[in-house]
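Read off the chains here:
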Amino acid sequence: EMAALRAKFIWPFACERVVKEGSERIELRPWQLEGDLDLEVPPSLRPEASEPVRTTFEEVQRTTTKWIEEFLPLEMLTAQHETPTFFQEVRESLMASEVFQLIGLMAHLLYWLTLAVNRPRRKQRLSDTALSALLASVHELWSTLEIGHRDTPHGVSLVLPTFVLTLKRGVERCFEQQYPAIAAKPDLRQQLVDRINALVLRTFDPDA
């Protein structure tokens, strides 16, 4: 699990790309800070891509809780030697309802900024008002999660980065469940992962 998370979501490993096929040379390709995030799919996949995300809070809560409890390699995300009680407290903080809400909202936001381009022309975009409201809700939830962590060493070095990692993985899972044919295409899946990283960076750390 750790290897997969590093390759998909953890900087700088997730930015590593082979220079060209057959080469052993690696280069870093930073996540896209500007420009659109549209992800056009082949005609055969457009019917699947045309449907917005329908993930419910309960589904996000169930799948994310299972991942946090059984698969998240939390102890491998820090070089510090901490007690089992400490790690359990971090896991419990990751299961706050705001985390599940944030995953759902970010999944909706990602859809409208990426796959919505595959919808009929007049239905491809949220209104500016709806988009602003969605972003405001995202920032409000993030501010709630930050409180109590942004001013502590453990919060900055482990808890908040793990919130971000959980968020990215949760959004990916939402798309895996609703768009299985798209997720089954390695090139499209990689493009989707790149857009998850770019969207999270733009939303929470635009000055990076």
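Residues numbered from 1 in each chain as written. Predicted model: local features only at pLDDT ≥ 70, side-chain atom pairs only at ≥ 80, totals over all residues. Heavy atoms only, no water.

**Q** I would appreciate a short explanation of unusual backbone geometry in the present structure.
**A** Both trends apply: most residues other than glycine have a negative phi, and most peptide bonds are in trans. Looking along the chain, the bond that leaves W11 and enters P12 is cis, with omega of 5°. With respect to the secondary-structure elements, P12 resides in the loop between α1 (2-9) and β1 (16-18). (Helix = DSSP H or I, 4+ residues; strand = E, 2+ residues; numbered from the N terminus.)

**Q** Looking at this structure, how should I read the confidence of the model for the chain?
**A** Fine structural detail should not be taken from predicted coordinates in areas where pLDDT scores are low. Confidence in the prediction for the chain averages 92 pLDDT; 98% of positions are at 70 or higher. The lowest-confidence element of the chain is β1, averaging 77 in pLDDT; the highest-confidence one is helix α8 (residues 180-183), averaging 98. (pLDDT = per-residue confidence, 0-100.)

**Q** Explain the packing of helix α3 (residues 57-70) against helix α7 (residues 153-178) here, please?
**A** Pairs of packed helices are described in terms of their axes, by the angle between the two and the distance that separates them. Two elements in contact, α3 and α7, have axes separated by 10 Å at closest approach and are oriented at 125°. What the angle tells us is that α3 and α7 run oblique. In terms of crossing hand, the pair formed by α3 and α7 is right-handed. Residue-level inspection shows V60, T63, T64, W67 and I68 of α3 in contact with α7, the latter providing T166, R169, R173, C174 and Q177. (Axes fitted to C-alpha atoms, helices over the stretch in contact; angles between N-to-C directions. Parallel < 35°, antiparallel > 145°, perpendicular 65-115°, else oblique. Left-handed = near helix turned anticlockwise from the far one by under 90°. Contact = heavy atoms within 4.5 Å.)

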